[in-house]
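Below are the chains, spelled out letter by letter.
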Amino acid sequence: GAGVSQSPSNKVTEKGKDVELRCDPISGHTALYWYRQSLGQGLEFLIYFQGNSAPDKSGLPSDRFSAERTGGSVSTLTIQRTQQEDSAVYLCASSLLPREGEAFFGQGTRLTVV
Amino acid sequence: RKEVEQDPGPFNVPEGATVAFNCTYSNSASQSFFWYRQDCRKEPKLLMSVYSSGNEDGRFTAQLNRASQYISLLIRDSKLSDSATYLCVGSSGSNYQLIWGAGTKLIIKP
């Protein structure tokens, strides 16, 4: 597709369940970012990928969060044993190069943990 | 102190007025800056880059003041469709990260 695609667009899950969020970046974009945004709040950085490598995972809130990227393309963010405080919109962005200001965002996955 | 700080607003402005807001940054190593726009329940989208010499795009003017470490965005002849949250972003020169402000909410009223 032409833009960044995220799936699912909405996810409601029970507390304690695992969820997997998917991001398809723009073809050819080497940099991929995951952010979290709670209602009315700014963007919270989670993790950055350069190719398949994640040089900085320091933004991940806890060890329940993990992410991977394969083939320099699709990335998945996995949250294990979800908690209510994990409820937020999870945004993925990609850019052609690192430090490239024009990051293109997907429409996000709205996660609700009940 | 946050690396990038913005007044959260909201700024309530009548249609047709000029509005300006600033963003301050703490990392003097930051090299590049950008303004993004985020509509309610939508993803952020790049509005404009901010250059040291200042730049203008239609009704929008962005400026960077490195000495005082702030970035500004000026919107002239504001339209109802300008209502959104404006996010200030800095890019560190030493790493990849984009550092995001929490955003300034703008409401244009008829």
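Here the structure is a predicted model, which is why all the values come from computation and not from measurement. (Residues numbered from 1 in each chain as written. Chains lettered and ligands numbered in written order. Predicted model: local features only at pLDDT ≥ 70, side-chain atom pairs only at ≥ 80, totals over all residues. Heavy atoms only, no water.)

### Looking at the sheet that holds strand β8 (residues 70-75) of chain B
Residues and elements named next belong to chain B.
- In space, the five strands of this open sheet follow the order β1-β3-β8-β7-β6, with antiparallel pairing throughout. Of all strands in the sheet, those bounded by a partner on one side alone are β1 (4-6) and β6 (55-57). Across the sheet, the axes of successive neighbouring strands diverge by a mean angle of 20°, strand direction being ignored.
- Note: β6 against strand β7 (residues 60-65), three bridges, orientation antiparallel. Note that in β7 the partner of Asp57 across the bridge is Phe60. (Pairing = 2+ DSSP bridges. Helix = DSSP H or I, 4+ residues; strand = E, 2+ residues; numbered from the N terminus. Axes fitted to C-alpha atoms, helices over the stretch in contact; angles between N-to-C directions.)

### Considerations on the sheet that holds strand β8 (residues 75-79) of chain A
All names here are of chain A.
- Here we have four strands laid out as an open sheet, ordered β1-β3-β8-β7, and antiparallel in their pairing. Where the open sheet ends on each side, the last strands, each with one partner, are β1 (5-7) and β7 (65-69). Put simply, the sheet's adjacent strands are angled 15° from each other on average, direction ignored.
- For strand β3 (residues 19-24) and β8, the ladder comprises five bridges, and the chain directions are antiparallel. By the bridge assignment, Leu21 is partnered in β8 with Leu77.

### A look at the state of the cysteines
All names here are of chain A.
- For the coordinates displayed, the defined rule picks out two disulfides over all chains.
- The residue that forms a disulfide with Cys23 is Cys92, at a sulfur-sulfur distance of 1.9 Å. Sign of the S-S torsion, about -65° for the bond between Cys23 and Cys92, identifies this disulfide as left-handed. On the criterion of sequence distance, the pair formed by Cys23 in strand β3 and Cys92 in strand β9 (residues 88-95) is long-range, its members being 69 residues apart. Per residue, the accessibility class of Cys23 equals that of Cys92, and both read buried. (Disulfide = S-S within 2.5 Å. Buried < 20%, exposed > 50% of the residue type's maximum accessible area, 1.4 Å probe, protein only.)

### Points about the side chain of Thr78 of chain A
Residue and element names in this part refer to chain A.
- You can see Thr78 is positioned in strand β8.
- On the basis of relative accessible area, Thr78 is assigned to the buried category, the value being 19%.
- For Thr78, the residues in contact, after removing those within four places along its chain, are Val19, Glu20, Arg64, Phe65 and Ser66. (Contact = heavy atoms within 4.5 Å.)

### Section: the nonpolar core
- Core analysis: the biggest nonpolar cluster contains 22 residues, and Phe21, Trp35, Ile71, Leu73, Ile75, Tyr86 and Leu106 of chain B have the highest contact counts within it.
- Among the secondary structure elements, those contributing two or more residues to this core are β3 (19-25), β4 (30-38), β5 (45-50), β7, β8, β9 (84-92) and β11 (104-109) of chain B.
- Top contributing element to this core by residue count: β3 of chain B, with four residues.
- Among all residues touching Ile75 of chain B, those that are not within four sequence positions of it are Ala17, Thr18, Val19, Phe21, Arg59, Phe60, Asp82, Tyr86 and Leu106 of chain B.
- Within the second largest apolar cluster, 19 residues are counted, among which are Leu21, Ile26, Leu32 and Tyr90 of chain A. (Core = buried A, V, L, I, M, F, W, Y, C linked by side-chain atoms within 4.5 Å.)

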